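Results of the structural survey
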Amino acid sequence: MIKRGIAHVGVFFLYLLSLLPLPLLFFFARLLYYLLYYVIGYRKKVVRQNLTQSFPEKSAAEIKAIEKKFFLYLAELIFEIIKMTSISKAETLKRVKFTGLEQLEVHFKAGESVLACTGHYGNWELGTLALGLSISAKTMVIFKPIKNKVFETWFDCMRTRYGNIFIAMRQTLRGMAAYKNEPTLLCFASDQSPTREETKYFTDFLNQPTAALLGVEKIAKSTKRPIYYFKVNVVKKGYYHIEVLPMCLEPAKMAEYEITDLHFKFLENIIKEQPQYWLWSHKRWKFKPE
């Protein structure tokens, strides 16, 4: 009961914080960066190990430089997500621009649904919010619920405030069935780590075998829906450009695991361009093939 009350106070504080302009929030982000990196050392060992394993060709100095850039961006990302609690439609669309959405509209006008693939790169949350304001079909996003129900409710309200539909990972098929008679865009950030029990396949990703979720591939093959990759580019602080790229237009013709490998290759190429914008603090490689 006490923990729940504290969580409610925390959510109210986050709302008040979100009313401040982003430039001021980015000042707080700089302070948070120093706290996370130099004082607390939040998951610094995890980040350094992930970077070292992913880029064996880079020197210790190069790894540390990426590490610092990542922690600064992580702090900025936290405040950008807080800002989403009260951000206006106009500011959302000013900060996130798309190219290639017309490819999706061709499918929607034909009454077809589409799958979207991306990763935890850049501000995927703000990108999803902007996406729902930018296309004619319903935007449905698959997500993994968090344990704290108060913060889960806060996240849900923030994510759905402009009409997006969020579906818990284990309810994917039920969510799809509810909208089977209208065109939708079903979005996956499939670079999350499955549990050992869920793992059926390892792909080669960032120089190491990586356990992969197979949801996108399974749904694409069973529904024959085309897949587009959403490539997030960080233009400057707080501003993003998202390219919609055709990844697999005829999934039924693809070999087993080929779609999964293709998704991870798209993501890997993006990470190598600007590695600081991927979520390196995630314990992505918790286990290896037996």
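Residues numbered from 1 in each chain as written. Predicted model: local features only at pLDDT ≥ 70, side-chain atom pairs only at ≥ 80, totals over all residues. Heavy atoms only, no water.

**Structural notes on the UniProt feature "transmembrane region" (unreviewed entry) in the protein**
Here is the rule we go by: UniProt positions are given in the numbering used here, feature names are shortened, and annotations may be inferred rather than shown by experiment. Numbering of helices and strands runs from the N terminus; a helix is a DSSP stretch of H or I covering at least four residues, while a strand is a stretch of E covering at least two.
Mapped onto the present numbering, the UniProt feature "transmembrane region" (unreviewed entry) falls on residues 12-40. Note that residues 12-40 is 90% helix and 0% strand, and that its end C-alpha atoms are spaced 25 Å apart.

**As for a nonpolar patch on the surface**
Put simply, the rule is: Candidate patch residues must exceed 30% relative accessible area and have no salt bridge, after which like charges are joined if within 9 Å and Val, Leu, Ile, Met, Phe, Trp or Tyr side chains if within 5 Å. The Shrake-Rupley method, run with a 1.4 Å probe, gives the accessible areas here. Residue values count only the displayed protein chains as cover. Only one rule defines a salt bridge in this text: a Lys or Arg side-chain nitrogen within 4 Å of an Asp or Glu carboxyl oxygen. Residue exposure (1.4 Å probe, protein chains only): buried if accessible area is under 20% of the type maximum, exposed if over 50%, otherwise partly exposed.
Nonpolar side chains collect at one region of the surface, where Tyr34, Leu35, Tyr38, Val39, Ile40 and Tyr42 lie side by side and expose about 610 Å² of accessible area between them. The residue Leu35 is located in helix α2 (residues 22-40) in this model. Leu35 sits in the partly exposed class, given a relative accessible area of 38%.

**Some points on unusual backbone geometry**
For Leu206, which is not glycine, the phi dihedral falls at a positive 55 degrees. Within the secondary structure, Leu206 is located in the loop between β6 (202-205) and β7 (208-211). According to the relative accessible area criterion, Leu206 is buried, its value standing at 0%. In this structure, Asn207 is a non-glycine residue whose phi angle is positive, near 70 degrees. Take Asn207: it is sitting in the loop between β6 and β7. Of the residues examined, Asn207 reaches a relative accessible area of 49% and is grouped as partly exposed.

**Some points on the nonpolar core**
Our working rule: Buried Ala, Val, Leu, Ile, Met, Phe, Trp, Tyr and Cys residues form a nonpolar core when they are joined through side-chain atoms within 4.5 Å. In what follows, residue pairs with any heavy atoms lying within 4.5 Å of each other are defined as contacts.
In terms of nonpolar packing, the biggest core is built from 92 residues, with Leu104, Leu185, Ile227, Phe230, Ile271, Trp278 and Trp280 touching the most fellow members. Counting residues per element, this core draws most heavily on helix α4 (residues 60-83), which supplies twelve residues. Those residues in contact with Leu185, other than ones at most four positions away along the chain, are Leu104, Phe108, Val114, Leu115, Ala116, Leu131, Ile135, Ala137, Lys138, Thr139, Met140 and Phe230.

**Quick look at a positive patch on the surface**
As a reminder of what qualifies: Lys and Arg are tallied as positive, Asp and Glu as negative. Neither His nor the chain termini are counted. Just so you know, the charge point we use is NZ for Lys, CZ for Arg, CG for Asp and CD for Glu.
A cluster of like positive charges, contributed by Arg43, Lys144, Lys283 and Lys286, occupies part of the molecular surface. Mapped onto the elements of the fold, Lys286 is located in the segment after α11 (258-273). Residue classification places Lys286 among the exposed positions, given a relative accessible area of 53%.

**Description of the pattern of salt bridges**
One pass over the full model with this rule turns up eleven salt bridges. Glu76 is the salt-bridge partner of Lys237, the closest N and O atoms lying 3.5 Å from each other. One end of the pair, Lys237, is in the loop between β8 (227-236) and β9 (239-248); the other, Glu76, is in helix α4, and 161 residues separate them in sequence. Overall, the relative accessible area of 8% leaves Glu76 in the buried class. Residues Glu268 and Lys272 are paired through a salt bridge, measuring 3.4 Å at the closest nitrogen-oxygen approach. Of this pair, Glu268 and Lys272 both sit in helix α11, four residues apart, roughly one helical turn. On the basis of relative accessibility, which here comes to 6%, the residue Glu268 falls in the buried class. Within this structure, Lys231, Glu243 and Glu273 form a network of salt bridges that share partners.

**Considering the packing of helix α10 (residues 215-223) against α11**
Threshold: To obtain an axis, a line is fitted to C-alpha atoms, over the contacting stretch when the element is a helix, and the angle between two such axes runs from 0 to 180 degrees between their N-to-C directions. Orientation labels follow simple angle bins: below 35 degrees gives roughly parallel, above 145 gives roughly antiparallel, 65 to 115 gives roughly perpendicular, and whatever is left gives oblique. The hand of a helix crossing depends on one turn: near helix anticlockwise from the far one by less than a right angle means left-handed, and clockwise means right-handed.
At their nearest, the axes of α10 and α11 sit 8 Å apart, and the two run at 130 degrees to each other. As summarised for this structure, α10 and α11 are arranged oblique, according to the angle between their axes. The interaxial crossing formed by α10 with α11 has right-handed handedness. Here α10 contributes Glu217, Ala220 and Lys221 to the contact with α11, which in turn contributes Glu258, Ile259 and Thr260.

**Structural notes on the pairing of strand β2 (residues 114-118)**
Heads up, the condition is: A pair of strands is labelled paired if DSSP reports no fewer than 2 bridges between them.
Buried residues dominate β2, accounting for five of its five residues. Alternating positions in β2 separate into two faces, Val114, Ala116 and Thr118 on one and Leu115 and Cys117 on the other, with burial throughout. Here β2 runs beside strand β5 (residues 184-189); their pairing, made up of five bridges, is parallel. Within the sheet, the bridge partner assigned to Ala116 lies in β5 and is Cys187. Relative to β8, β2 runs parallel, the two sharing three bridges. The residue of β8 that forms the bridge with Ala116 is Tyr228.

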